[in-house]
Amino acid sequence: MGSARTCGRATAAGIALAAMLGWRNARAADDAPVPLIHYSNDALTVRLSGVQNSDILAELARQSGAEIRGQVREPREVTADFESVPLPEALARLLGEQNFALVYGKGGRLKAVRLLGGDQAGAPASPTTTVPPAVPGAPFPGSLPELIDRHPPVPVTGQLADALGAQSATLRQLLDFSLHHGDPAVRAEAVRTGLATVEAEPELRSAVIGELNNADNAFLGTLLRASASAQAEDVAMQVLRDSRAAEIRVKALSVLQRLRAGG
């Protein structure tokens, strides 16, 4: 195909050809976007017009080696164009209102995408034990990421719902938006919603406080800086402002002071 020649490299050409999966019924208009699906560093780049959402997931599975568990609730054609969007946000855009959970293996490798709310006949009868990545995604060590991944989606509204393109979000989606979203208002709302969920549930609240107490301020500051980059201080400040738990506020203040000192 002519589009493959513009990529300049055999690997890029292979990606473009693989992204043609299910393309037989797509329109061949001259001004249609060059079809592209590319997964790298837990982020997704797509340039699509009229592609079935199930085909997008199949190509993600092929490139990442991850398993797709469950079924697409509402099969539909997707038109989208974005580059290097973190996978939780990218799938929220592509799947619409269907909830999902990402399961990671050792070393932060994507192991499975669990589609929630649809026909689960193809899903395993019991959950798979996983070790989620430390960075990016969850800046905390220990068992907390596993609790985050097991938690059911929570309702969201306003600008956060608009950014997600859905009325609910997983805790990992909230964490990802808290750390990475470009709009400060959306980041702030993701922090508030996540904190409210954590502090309303004793088991989750205890796990968060336990992990924070087990990690020193330098370690947390380094991980938060690595995860949130330029937004690290804003995230720490938002947690300090919004948390009702004294233990969380004290730790947030200590980490914020260390970040401001260049630690």
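Our subject is the structure listed above.
Residues numbered from 1 in each chain as written. Predicted model: local features only at pLDDT ≥ 70, side-chain atom pairs only at ≥ 80, totals over all residues. Heavy atoms only, no water.

Asks: Is there a simple way to explain the overall build of the protein in this structure?
Replies: What the protein contains, in helices and strands, is twelve helices and eight strands. Considering only contacts in the protein between residues 6 or more positions apart, those separated by 24 or more positions represent 59%. (Helix = DSSP H or I, 4+ residues; strand = E, 2+ residues; numbered from the N terminus. Contact = heavy atoms within 4.5 Å.)

Asks: What am I meant to see in unusual backbone geometry here?
Replies: Negative phi values dominate among residues other than glycine, just as trans dominates among peptide bonds. If you check the backbone angles, Asp42 has positive phi at about 55° while not being a glycine. Residue class for Asp42 comes out buried when judged on its relative accessible area of 15%. (Buried < 20%, exposed > 50% of the residue type's maximum accessible area, 1.4 Å probe, protein only.)

Asks: It is not clear to me how the pattern of salt bridges should be interpreted in this structure. Could you clarify?
Replies: A side chain with one charge may pair with a side chain of the opposite charge, provided their charged atoms come close. Enumeration over the complete set of coordinates arrives at seven salt bridges. A salt bridge links Glu67 to Arg69; the nearest nitrogen and oxygen atoms lie 3.2 Å apart. For Glu67, a relative accessible area of 38% translates into the label partly exposed. On the basis of relative accessibility, which here comes to 6%, the residue Arg69 falls in the buried class. A salt bridge links Arg192 to Glu189; the shortest N-O distance between them is 2.9 Å. (Salt bridge = Lys/Arg side-chain N within 4 Å of Asp/Glu carboxyl O.)

Asks: Would you take a moment to explain the sheet that holds strand E5 (residues 100-104) for this structure?
Replies: Sheets are built from strands that pair by backbone hydrogen bonding, the pairs being arranged parallel or antiparallel. Spatially, the three strands line up as an open sheet ordered E3-E6-E5, and their pairing is mixed. Either end of the sheet is taken by a strand with one partner, and the two such strands are strand E3 (67-69) and E5. Averaged over all neighbouring strand pairs, the angle between strand axes comes to 20°, with direction disregarded. Note that E3 and strand E6 (residues 110-115) share three bridges and pair parallel. Across the sheet, residue Ile68 finds its bridge partner in E6, namely Val113. With respect to the sheet, helix H4 (residues 87-95) is in contact with E5 and E6, its orientation differing from that of E5 by roughly 150°. (Pairing = 2+ DSSP bridges. Axes fitted to C-alpha atoms, helices over the stretch in contact; angles between N-to-C directions.)

Asks: I'm lost on the nonpolar core in this one. Help?
Replies: Counting 65 residues, the largest nonpolar core has Leu44, Leu91 and Leu224 as the members making the most contacts within it. Per-element tally for this core: the top contributor is H4, with six residues. Leaving out residues up to four positions away in the same chain, Leu44 has contacts with Ile37, His38, Tyr39, Leu60, Phe82, Glu83, Ser84, Val85, Leu87, Ala90 and Leu94. (Core = buried A, V, L, I, M, F, W, Y, C linked by side-chain atoms within 4.5 Å.)

Asks: Please clarify how the packing of aromatic side chains should be interpreted in this entry.
Replies: Centre distance and the angle of the planes are the two values used to describe a pair of aromatic rings. Tallied over the full model, the rule gives zero aromatic pairs. For the cation-ring pair, Arg93 lies above Phe82, with the distance from its terminal atom to the ring centre recorded as 4.9 Å. (Phe/Tyr/Trp six-rings, centres within 6.5 Å; stacked < 30°, edge-to-face > 60°. Lys NZ or Arg CZ within 6 Å of the ring centre and 35° of its normal.)

Asks: Where do I start with the side chain of Thr197 in this structure?
Replies: Its location among the elements puts Thr197 in helix H8 (residues 184-200). Contact partners of Thr197, with chain neighbours within four places excluded, come to His151, Val154, Leu171 and Leu204.

Asks: What is the right way to look at helix H12 (residues 246-260) in this model?
Replies: Note that an α-helix has 3.6 residues per turn; residues three or four places apart therefore point the same way. End to end, H12 covers 21 Å across 15 residues, agreeing with the expected 21 Å (1.5 Å per residue, within 8%). Within the sequence span of H12, burial applies to Ile248, Lys251, Ala252, Val255, Leu256 and Leu259. Burial along H12 is one-sided: seen end-on, the buried residues are contained in an arc of 135°. Turned more than 90 degrees from where H12 packs its buried face, Val250 and Arg260 sit exposed. Where H12 is buried, its residues meet H8, helix H9 (202-214), helix H10 (217-228) and helix H11 (232-242). A positive phi of about 90° marks Gly262, the residue just after H12. (Expected span 1.5 Å × (residues − 1). Arc of directions from axis to C-beta.)

Asks: Can you walk me through the side chain of His151 in this structure?
Replies: Among the structural elements, His151 can be located in the loop between helix H5 (144-150) and strand E7 (154-155). What His151 contacts, discounting residues up to four positions off in sequence, is Leu171, Thr197, Glu201 and Leu204.

Asks: Is there a simple way to explain the sheet that holds strand E1 (residues 36-40) in this structure?
Replies: Strand order in this open sheet of three strands is E1-E2-E4, and the pairing throughout is antiparallel. Of all strands in the sheet, those with a lone pairing partner are E1 and strand E4 (77-86), marking the two edges. Across the sheet, the mean angle separating the axes of adjacent strands is 15° when strand polarity is ignored. Strands E1, strand E2 (43-52) and E4 of the sheet are contacted by helix H3 (residues 53-64), whose axis makes an angle of about 145° with E2.

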